[in-house]
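# Structural overview
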Amino acid sequence: MKLNCLGTALLLFFITITPLAAAQDEPPPTVTGAPPQMLVLVHREFVPGKAAERRKLEASVARACNQLVVPNSWIDLESITGPPEALSLDPFDSFDQVEAAFADWMQIFGSRPDLARMQGELDALVSSERTIIAARRDDLGYRPQSIDFSKARFVRVLEVRVFPGRASDFAESMRILAGGYEKINADTPWVVYQVNAGMPSPAFLVFLPMRALVKNDDLLEWRRILRDAEGEDAAQRMEQIARDAYASTESNLYFISPEMSHVTREFADGDPAFWSSKPAPAAKPAAPKNTLPKPER
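Every chain is numbered on its own, with residues counted from 1 as its sequence reads. Only residues with pLDDT of at least 70 are given local features in this predicted model, and only at 80 or more are side-chain atom pairs given and counted; all residues enter the totals for whole chains, interfaces and linings. To obtain the side-chain values, all non-hydrogen atoms of the structure were used and water was disregarded.

### Regarding the overall build of the chain
If you tally the helices and strands in the chain, you get nine helices and eight strands. Between buried and exposed lies partly exposed: a residue is buried under 20% and exposed over 50% of the maximum accessible area for its type, with that area taken using a 1.4 Å probe on protein chains only. Looking at the chain as a whole, 53% of its 297 residues are labelled buried. Of the roughly 12700 Å² that the chain leaves accessible, carbon and sulfur atoms contribute 55%. The helix count covers DSSP runs of H or I at least four residues long, the strand count covers runs of E at least two residues long, and both are numbered beginning at the N terminus. Residue-level accessible areas treat just the shown protein chains as cover; the underlying method is Shrake-Rupley with a 1.4 Å probe.

Below is the structure:
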């Protein structure tokens, strides 16, 4: 996460009034590539015709950071579906880390004018930007403790906005679906984050990291899997919740770009062949389309 992203994130932190409801029923994963407690996500679209220039700058910034000790890492996702955009996944454990990282980036840019210049050139290519802060909900995922982002090549991101007062319905639907997948021992784990700031709430983000796109074939069979595992009533209940509780849903696919990401050595060791160009130092210890049924209108 570079300075412009952190500035937006801190602004959202100070103005947010949305409470975190992230119940942690499972012990946190210990794998280096495990889903973090908190994600700062930055959606960015760029000036048309500047794609090559933007990629070159992003890679240059990442390479420069690989030679430094910077306060946080990030994974760059490039859109396959939806509008052409980049999605940065920046892992944190707390707002305190976000604030500490902001201060550290101020010092880094002050001492590295070359890095500040590249970041400024990159900012000039951004046509729109949206920053979101979200907290992990282990009680709603399916085997989130088995996820290792370091081994992923693609990520499906499902965004679900629910009507006020209907967050419990979303939770019910995810538990129904997870129960069905558990019974058949499905190999498609997902992790759920509840949005804390940056978009209308209540809202949830479901991440499905994949090593290959073939995993999407399993996701397309959600209704059959649920019917076979839990019965027709469960499948119908899922559809009813989607009709009554969801204000909107959107699902998009992204591929991971290692050359435009900055990850730690420990993270890269999870899949050295893929992250071979990312021998980054460890971060500072102090700051370290739709899988659910759509509503019928």
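### Some points on the packing of helix α2 (residues 51-66) against helix α4 (residues 113-123)
Note on geometry: axes are C-alpha line fits, over the in-contact stretch for helices, and angles between N-to-C directions span 0 to 180 degrees. Relative orientation of the contacting elements α2 and α4 amounts to 150 degrees, with a least axis distance of 10 Å. Taken together, the axes of α2 and α4 lie roughly antiparallel to each other. Once α2 is placed against α4, the crossing between them reads as left-handed. On α4, the residues that touch R54, L57, E58, S60, V61, A64 and C65 of α2 are L115, M118, Q119, E121 and L122. Three classes are used: nonpolar for Ala, Val, Leu, Ile, Met, Phe, Trp, Tyr, Cys and Pro, charged for Asp, Glu, Lys and Arg, and polar for all others, with Gly counted as polar. Residues belonging to the contact of α2 with α4 are distributed by class as follows: seven nonpolar, two polar and three charged. If an angle is under 35 degrees, it is roughly parallel; if it is over 145, roughly antiparallel; if it lies from 65 to 115, roughly perpendicular; otherwise it is oblique. Left-handed describes a crossing in which the near helix is turned anticlockwise from the far one by less than a right angle; the clockwise case is right-handed. It only takes one pair of heavy atoms within 4.5 Å for two residues to be counted as in contact.

### Observations concerning unusual backbone geometry
With omega at 5 degrees, the peptide bond leading from S201 into P202 counts as cis. Structurally, the position occupied by P202 is in the loop between β6 (191-197) and β7 (203-210). Notably, R143 is not glycine yet its phi reads approximately 50 degrees, a positive angle. Tracing the backbone through its elements, the reader meets R143 in the loop between β4 (126-136) and β5 (154-162). Among the residues examined, R143 registers a relative accessible area of 24% and is labelled partly exposed.

### Some points on the confidence of the model for the chain
Per-residue confidence from the prediction method is given by pLDDT, with values spanning 0 to 100. For the chain, mean pLDDT is 82; residues scoring 70 or higher make up 80% of the total. Within the chain, the lowest mean pLDDT, 35, falls on helix α1 (residues 3-15), and the highest, 97, falls on strand β2 (residues 74-79). In the model, residues 278-297 has pLDDT below 50 throughout and makes 79 contacts with residues more than four positions away in sequence or in other chains.

### A look at the packing of aromatic side chains
A pair of Phe, Tyr and Trp rings is counted when the ring centres sit within 6.5 Å of each other, with Trp represented by its six-membered ring. The angle between the planes then sorts it: under 30 degrees is stacked, over 60 is edge-to-face, the rest tilted. Here the structure, examined in full by the defined rule, presents 10 aromatic pairs. Ring centres 6.2 Å apart and planes at 45 degrees place the aromatic pair W74 and W105 in the tilted group. On the criterion of sequence distance, the pair formed by W74 in strand β2 and W105 in helix α3 (residues 95-111) is long-range, its members being 31 residues apart. Considered together, W74 and W105 belong to a single accessibility category, that of buried residues. Taking 6.3 Å as the distance between ring centres and 55 degrees as the angle between the ring planes, the aromatic pair formed by F170 and Y246 counts as tilted. Placement of F170 in helix α5 (residues 167-183) and of Y246 in strand β8 (residues 246-262) is noted, with a sequence separation of 76 residues between them. By relative accessible area, which is 0% here, F170 ends up buried. Note on Y246: relative accessible area 1%, which makes it buried. In textbook terms, an aromatic cluster arises when at least three aromatic residues are bridged by ring pairs, as seen for W74, W105 and F109.

### Let's talk about the side chain of S88
Following the sequence through the fold, S88 ends up in strand β3 (residues 86-92). Polar contacts involving the side chain of S88 include one to the side chain of D90, which spans 2.5 Å. Ignoring anything within four residues of it in the chain, the contact list for S88 reads V40, L41, V42, W74 and I75. N or O atoms within 3.5 Å of each other form a polar contact, as long as, within protein, one can give a hydrogen and the other can take it, and as long as residues adjacent in sequence are counted only when both atoms are side-chain atoms.

### Focus: the pattern of salt bridges
A pairing counts as a salt bridge when a side-chain nitrogen of Lys or Arg comes within 4 Å of a carboxyl oxygen of Asp or Glu. As enumerated under the stated definition, the model contains 19 salt bridges in all. Between R117 and E121 there is a salt bridge, with its nearest N and O atoms 3.1 Å apart. Placement of the pair is R117 and E121 together in helix α4, with a separation of four residues, close to one helical turn. Here R137 ties to D139 by a salt bridge, and the two come within 2.9 Å at their closest N and O atoms. Of the two residues examined, R137 and D139, each falls in the buried class. Among the ionic contacts, a cluster of salt bridges with common partners joins R44, R54, E58, D76 and E78.

### Re the sheet that holds β3
Remark on secondary structure: sheet strands pair via backbone hydrogen bonds, oriented parallel or antiparallel. In this analysis, strands are considered paired if DSSP registers two or more bridges between them. Judged by pairing direction, the barrel is antiparallel, and its eight strands sit side by side in the order β1-β3-β2-β8-β5-β7-β6-β4 before closing back on the first. In this sheet, neighbouring strand axes are inclined to one another by 35 degrees on average, regardless of whether the strands run parallel or antiparallel. Where β6 meets β7, four bridges bridge the pair, whose relative direction is antiparallel. Note on β7: the bridge partner recorded for Y193 is L205. Of the strands in this sheet, β5, β6, β7 and β8 are in contact with α5, which crosses β7 at around 25 degrees.

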